[in-house]
Amino acid sequence: MKSKKEQLDELNARMAKCSACALRPVCKNVVPGEGNAEAEIMFIGEAPGQKEDETGHPFVGAAGKFLNEMLAMINLKREDVYIANVVKCRPPQNRDPLPDEIAACWPWLLAQIKIIQPKLIVTLGRHSMERFLPGMKISQVHGKAMRREIPGIGKQIFYTLYHPAAALYNGGMRETLIKDFRRIPKVLKKIKKEAE
Ligand code: URA
């Protein structure tokens with residue numbers, strides 16, 4: 001039986017050759033995701049930005065720095081969690097990913113989730129939330145844990161946060177995001193307790 005890390009490595013190698021949508025020819029690098037294959041928590045953002053496209057790593061720009069700071073607040077490092085995006089290739093000029101791009105990339109994200117089997121998926125921003133919890137309003141559901149049955153995954157618990165890039169320069173949203181983020185350990189503890 002292959003380890004989760006080996007399975008992810010194989011998946012990422014296949015992802016690098018993806019041609020399922022029009023983004024791959026216009027981006028520099030596929031940004032599959034990275035972190036601990038055995039992670040209990042998986043963070044899912046929207047799509048790579050310029051820095052991510054240049055380096056092939058998720059959340060390495062200003063939003064990524066902020067994400068690292070918030071992880072440190074709850075005594076976690078990037079290496080403790082898994083960080084990925086709904087779309088693995090940078091949309092030109094950082095435009096929102098199109099519905100067909102999100103759909104084309106979905107099998108990759110689904111495969112990642114199936115390998116990692118995180119106890120908690122933390123969605124970062126509206127687009128990530130929308131993929132799993134359609135029709136919800138982020139202003140109403142941020143900071144709330146929700147259990148959903150997702151085809152191909154089964155029962156999964158989600159915790160919805162504002163996107164670090166959106167909150168970075170917005171004082172009120174920044175405070176809310178930090179407050180919600182600090183609750184992650186409690187949410188995880190409760191999930192574990194209920195699974196006992
Ligand atoms: N924003 C995202 O949603 N993902 C990244 O990887 C970087 C910025």
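One can find the structure itself at the top, above this paragraph.
Structural notes, computed from the coordinates. (Residues numbered from 1 in each chain as written. Predicted model: local features only at pLDDT ≥ 70, side-chain atom pairs only at ≥ 80, totals over all residues. Heavy atoms only, no water.)

Description of the site of the ligand
Then, number 1: Every residue near the ligand is listed here: Gly45, Glu46, Ala47, Glu52, Pro58, Phe59, Asn85 and His163.
Then, number 2: A distance of 2.8 Å is found between an oxygen atom of the ligand and a backbone nitrogen or oxygen belonging to glutamate 46.
Then, number 3: Between the ligand and alanine 47 there is a distance of 3.1 Å, counted from a nitrogen atom to a backbone nitrogen or oxygen.
Then, number 4: Considering only residue class, the shell around the ligand consists of 3 nonpolar, 3 polar and 2 charged. (Near = heavy atom within 4 Å. Polar contact = N/O pair within 3.5 Å; in protein donor to acceptor, adjacent residues only side chain to side chain. Nonpolar A, V, L, I, M, F, W, Y, C, P; charged D, E, K, R; others polar.)

A closer look at the packing of aromatic side chains
Then, number 1: Considering all chains together, one arrives at 3 aromatic pairs under this definition.
Then, number 2: Judged by centre distance (5.6 Å) and plane angle (10 degrees), the rings of phenylalanine 43 and phenylalanine 181 are stacked. Here the residue phenylalanine 43 occupies a position in strand S2 (residues 41-45), and phenylalanine 181 occupies one in helix H8 (residues 171-182), the gap between them amounting to 138 residues.
Then, number 3: Residues tryptophan 106 and phenylalanine 132 carry aromatic rings whose centres are separated by 5.7 Å and whose planes lie at 65 degrees to one another, so their mutual orientation is edge-to-face. One end of the pair, tryptophan 106, is in helix H4 (residues 99-116); the other, phenylalanine 132, is in helix H5 (residues 126-132), and 26 residues separate them in sequence. (Phe/Tyr/Trp six-rings, centres within 6.5 Å; stacked < 30°, edge-to-face > 60°. Helix = DSSP H or I, 4+ residues; strand = E, 2+ residues; numbered from the N terminus.)

Comments concerning unusual backbone geometry
Excluding glycine, a negative phi dihedral is what most residues carry, and trans is how most peptide bonds are arranged.
Then, number 1: Of note in this structure, glutamine 93 is not a glycine but carries a positive phi near 55 degrees.
Then, number 2: Examined against the element boundaries, glutamine 93 turns out to sit in the loop between strand S3 (82-85) and H4.
Then, number 3: You can call glutamine 93 exposed: its relative accessible area is 73%.
Then, number 4: With a phi angle near 50 degrees, glutamine 117 is a residue other than glycine that sits in the positive phi range.
Then, number 5: Position of glutamine 117 among the secondary structure elements: in the loop between H4 and strand S4 (120-124). (Buried < 20%, exposed > 50% of the residue type's maximum accessible area, 1.4 Å probe, protein only.)

Some details on H4
Then, number 1: When the terminal C-alpha atoms of H4 are compared, their 25 Å separation across 18 residues agrees well with the 26 Å that a helix rising 1.5 Å per residue should span.
Then, number 2: When the local axis directions of H4 are compared, the greatest deviation, roughly 40 degrees, occurs at tryptophan 106, which is followed within four positions by the proline proline 107.
Then, number 3: Counting buried residues along H4, 13 of its 18 residues qualify, which places the element largely inside the surrounding structure.
Then, number 4: Backbone geometry just after H4 places glutamine 117 at a positive phi near 50 degrees. (Expected span 1.5 Å × (residues − 1). Bend = angle between axes of the 7 residues up to and from the residue.)

Quick notes on the pairing of strand S5 (residues 145-150)
Then, number 1: Alignment of S5 against strand S6 (residues 154-161), held across 6 bridges, turns out to be antiparallel. Following the sheet pairing, alanine 145 is matched in S6 by tyrosine 159.
Then, number 2: Turn length for the S5-S6 hairpin, with the two strands adjacent in sequence and antiparallel, is 3 residues, and the turn residue glycine 152 shows positive phi of about 90 degrees. (Pairing = 2+ DSSP bridges.)

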